Structure formats: structure tokens, C-alpha cells
Amino acid sequence: MSAIRVGILGCGGRMGRMLLAEAIDAGDLVLAGGIERPGDAAVGRDLGELAARAPIGILAGTDSRVLFAALDVAIDFSAPAATLVHVGIAAATGKAIVIGTTGIDATQAEAIEDAAVKAPILWAANMSVGVTLALALIERTAKALGPDYDIEIVEMHHRHKVDAPSGTALAMGRAAAKGRNVALDSVWRKSRDGITGERPKGEIGFASLRGGDVVGDHAAIFAGPGERIEI
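Residues numbered from 1 in each chain as written. Predicted model: local features only at pLDDT ≥ 70, side-chain atom pairs only at ≥ 80, totals over all residues. Heavy atoms only, no water.

Draft legend 1. Structural detail: the side chain of H86. The topology assignment puts H86 in helix α4 (residues 80–93). Dropping the residues within four chain positions of it, H86 is found in contact with L9, I35, S64, F68, D76, S78 and I97. (Helix = DSSP H or I, 4+ residues; strand = E, 2+ residues; numbered from the N terminus. Contact = heavy atoms within 4.5 Å.)

So, in C-alpha cells, the structure goes:
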């Protein structure tokens, strides 16, 4: 079999550059190219240099359709609006796409699910096996403990992260809400400030911390009478 041709969408970002390096170093992949939004400092630069590797003779571009024509699989770590454009191209061409973009809202999620009928799509808030297991545990714990336990989701990331709560934190909240058989957006509290009053029963709270170079810490806290459980 010929090597899989991979394209990186959002190649100038922190994750994008790491993905470039992984693709360049992998022995069974071929880096087909990378794109960034017009005006980004990465546009026109050699992808090897962006990845802190030797130059490879491929420059970062801006045309996603040209890149899709050259790849087998797209890996998208861009922005929600850009991801929706890329998903549309994937659906039109039948090319596979892996989505790691965070901050995707409910309407955008529906568009991704619709596109998945026409193209292979892998989309997850977090690709970690451990986080996937944690989500299952959170759902089961929320179902078992019942409404006497208050649920809080706490996350911390590096100072450069642009969205809050993180995609993984929201996935944790959705898992907890599913365990309680409720819609997350009907019970969540994303911030508190001032005189907020007593905590409503059944609320799922979020706290987002930002600072330093923290890769990502997440915890689901179940606080009940006389005890606290953290996952």
C-alpha cells in the first residue's frame, strides 16, 4: 500500500505545528500540505520550518480545496467557522477528515453530523483513551449518585488557549447531564459573579482557569453530604 497522504488544516497554530512534526517524522505517512487563514504569519513558510524540522519544499497555503485534492486524510485543528468549510469540502469530495477543533456549538455540530453521512469523519473533544474512559465513568457516576450530589467541572489550560470552557470540559458536562437524563444547556452554569444566591439543585457548574504552560487539567467533582468524589 502507498503511504497515506495527510494534510494539516490550521498548520500555523500550536497543535498544527506539532501535527506537522508528527507527519514529517512518521515513516508511513506523506505530508501532502498545510493551510492557514489568509494573512496568518505562517502562510508562505516552509512546513518543515514551521515544525522545527529541516525544510521539505512545501509551503503553507490558504486554499483548502487545492489541499483536499492532494490528500487522503485531513486533520483539522483550526477554528469552528473554518472547520465547517472544511467539513463541507470533505462531504463534497468524500475525503476523510479528523476534527480536533474546539469551541464548536450545537448548530455546527449538527452540520458535522450531516456531513458524516457523505464522508468519513472522526470528531472528538479529546483523543485520549484516558479521557474517553473518564467520560464513561462520569456518566455512570452521575446516574448512580442522583441529585443530592452537586456537579462541578474544573479545567485549567495554558495562557494561549482561546476558548472556555474547554471542549473536554464540555464533554464531561455532557456526560454528567446524560447520566442524569437532562440536556446540558438547560442546567449548566458557565460562570458565577457577585451575589448569585444559593446553588440551584441539579445545576452543572464550570470553572475555567488559564495560566502558564499547562497542557490541560480536567476534573469532574461530585460534592454530596459528607463526601466529595473527583474523576
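Draft legend 2. Broad picture of the sheet that holds strand β8 (residues 204–210). Taken together, five strands build an open sheet; the order of strands is β7-β8-β6-β9-β10 and the sheet is mixed. The open sheet terminates on both sides in strands that have one partner only, identified here as β7 (188–189) and β10 (227–230). Helix-sheet contacts for helix α7 (residues 167–179) involve β6 (150–157), β7, β8 and β9 (217–224), and the interaxial angle to β8 is about 165°. (Pairing = 2+ DSSP bridges. Axes fitted to C-alpha atoms, helices over the stretch in contact; angles between N-to-C directions.)

Draft legend 3. How the structure looks around the packing of helix α6 (residues 129–145) against α7. In the contact formed by α6 and α7, the axes pass within 7 Å of each other and the chain directions differ by 35°. When the axes of α6 and α7 are compared, the crossing they make is right-handed. Contacts from V131, L135, I138, E139, A142 and K143 in α6 reach T168, A171, M172, A175, A176, K178 and G179 in α7. Tallied by class, the residues present in the contact of α6 with α7 amount to eight nonpolar, two polar and three charged. (Left-handed = near helix turned anticlockwise from the far one by under 90°. Nonpolar A, V, L, I, M, F, W, Y, C, P; charged D, E, K, R; others polar.)

Draft legend 4. View of the pattern of salt bridges. Overall, the coordinates contain 13 salt bridges when judged by the stated rule. In this structure, the salt-bridge partner of D25 is R53, at a minimum N-O distance of 2.7 Å. On the criterion of sequence distance, the pair formed by D25 in helix α1 (residues 14–25) and R53 in the loop between α2 (47–50) and α3 (64–70) is long-range, its members being 28 residues apart. A residue is classified by how much of its surface remains accessible, and D25, at 47% relative accessible area, is partly exposed. (Salt bridge = Lys/Arg side-chain N within 4 Å of Asp/Glu carboxyl O. Buried < 20%, exposed > 50% of the residue type's maximum accessible area, 1.4 Å probe, protein only.)

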